Amino acid sequence: MKRALDLVVGSVLFVVASPVMLACAIAVKVGSPGSALYAAERIGRDERPFRQYKLRSMRIGADAAGFRTAADDPRITTVGRFLRRTSLDELPQLWNVVRGDMSLVGPRPAAPGQLGDYTAEQRRVRASVRPGITGLAQVSGRSALPIEQAVALDLWYATHASVRTDLRILARTLSIVVGRRGTN
């Protein structure tokens, strides 16, 4: 049922959001040199690698400085700052949902270099579900959370995943993105 929901909702949202993605891609291209899309290897369900797509929000070559970013990170472009603040940089991940690499809701996909942040048991539990565009850690504080708390929330989600839980997290995500309430 969860995969069917992801496929239907992800496909509809991808089509509906396509004009917005196109406008954002043009803004990225005009705002800085390089590709409008950013593709990076991430670790998915059962620890299978996949290519995650996002609108590029950082300068070319920014990966070399590491995975973690702060709000005032100088690698973030002017357009990228807007895309991140509004979460529009995440829209291309709807394609990852349609392909089955990701879910609408789940732990954020880890970069291969981040796997060392987890114990073997944490990795096993985390890899039991598809990574998501949004998740419990994101609606509970996003990157402001200490890594230990984000890991704990990801593990809680992985052991309690359900359509009902997903709908609650999606509602909280929508509330945060439109700015009505929550932490961002």
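Residues numbered from 1 in each chain as written. Predicted model: local features only at pLDDT ≥ 70, side-chain atom pairs only at ≥ 80, totals over all residues. Heavy atoms only, no water.

## Comments concerning the confidence of the model for the protein
Per-residue pLDDT for the protein averages 91, and the proportion of residues at 70 or more is 93%. This model gives residues 180-184 a pLDDT under 50, and the stretch forms 12 contacts once residues within four places in sequence are excluded. (pLDDT = per-residue confidence, 0-100. Contact = heavy atoms within 4.5 Å.)

## Considering the side chain of arginine 42
Mapped onto the fold, arginine 42 is located in strand S1 (residues 37-43). Given the relative accessible area of 14%, arginine 42 is considered buried. Ignoring anything within four residues of it in the chain, the contact list for arginine 42 reads Arg48, Pro49, Phe50, Gln52, Pro109, Ala110, Ala111 and Pro112. (Helix = DSSP H or I, 4+ residues; strand = E, 2+ residues; numbered from the N terminus. Buried < 20%, exposed > 50% of the residue type's maximum accessible area, 1.4 Å probe, protein only.)

## Structural notes on the side chain of glutamine 52
For glutamine 52, the location among the structural elements is in strand S2 (residues 49-55). Taking the relative accessible area as the measure of exposure, glutamine 52 reaches 2% and is therefore buried. A distance of 3.2 Å separates polar atoms of two side chains, one belonging to glutamine 52 and the other to arginine 42. The residues contacting glutamine 52, other than those within four sequence positions of it, are Tyr38, Ala39, Ala40, Arg42, Gln93, Asn96, Met102, Arg108 and Pro109. (Polar contact = N/O pair within 3.5 Å; in protein donor to acceptor, adjacent residues only side chain to side chain.)

## Re the environment of leucine 170
Looking at the secondary structure, you find leucine 170 in helix H7 (residues 163-177). A residue is classified by how much of its surface remains accessible, and leucine 170, at 26% relative accessible area, is partly exposed. Leucine 170 sits 36 residues away from threonine 134 along the chain, and the two C-alpha atoms are 7.5 Å apart. Not counting the four nearest positions on each side in its chain, leucine 170 is found in contact with Leu104, Val105 and Thr134.

## Observations concerning unusual backbone geometry
With a phi close to 60 degrees, glutamate 47 is a non-glycine residue in the positive phi region. Locating glutamate 47 in the fold gives a position in the loop between S1 and S2. Judged by relative accessible area, which is 31%, glutamate 47 ranks as partly exposed. Not every positive phi belongs to a glycine, and serine 87 is a case in point at roughly 65 degrees. Among the secondary structure elements, serine 87 is positioned in the loop between helix H2 (78-86) and helix H3 (93-99).

## Concerning the nonpolar core
In this structure, Leu83, Leu91, Leu94, Leu104, Ile133 and Ile169 are the most contacted members of the largest nonpolar core, which totals 35 residues. For this core, the element with the most residues is helix H6 (residues 147-160), which contributes 6 residues. Residues within four places of leucine 91 in sequence aside, it is in contact with Ala17, Val20 and Met21. (Core = buried A, V, L, I, M, F, W, Y, C linked by side-chain atoms within 4.5 Å.)

## Digging into the packing of aromatic side chains
The final tally for this structure, using the stated rule, is 1 aromatic pair. Taken together, a centroid distance of 5.6 Å and an interplanar angle of 45 degrees make the contact between phenylalanine 14 and tryptophan 95 tilted. Residue phenylalanine 14 is located in helix H1 (residues 2-31), and its partner tryptophan 95 is located in helix H3; the two are separated by 81 residues in the primary sequence. Judged by relative accessible area, tryptophan 95 falls into the partly exposed class, the value being 39%. (Phe/Tyr/Trp six-rings, centres within 6.5 Å; stacked < 30°, edge-to-face > 60°.)

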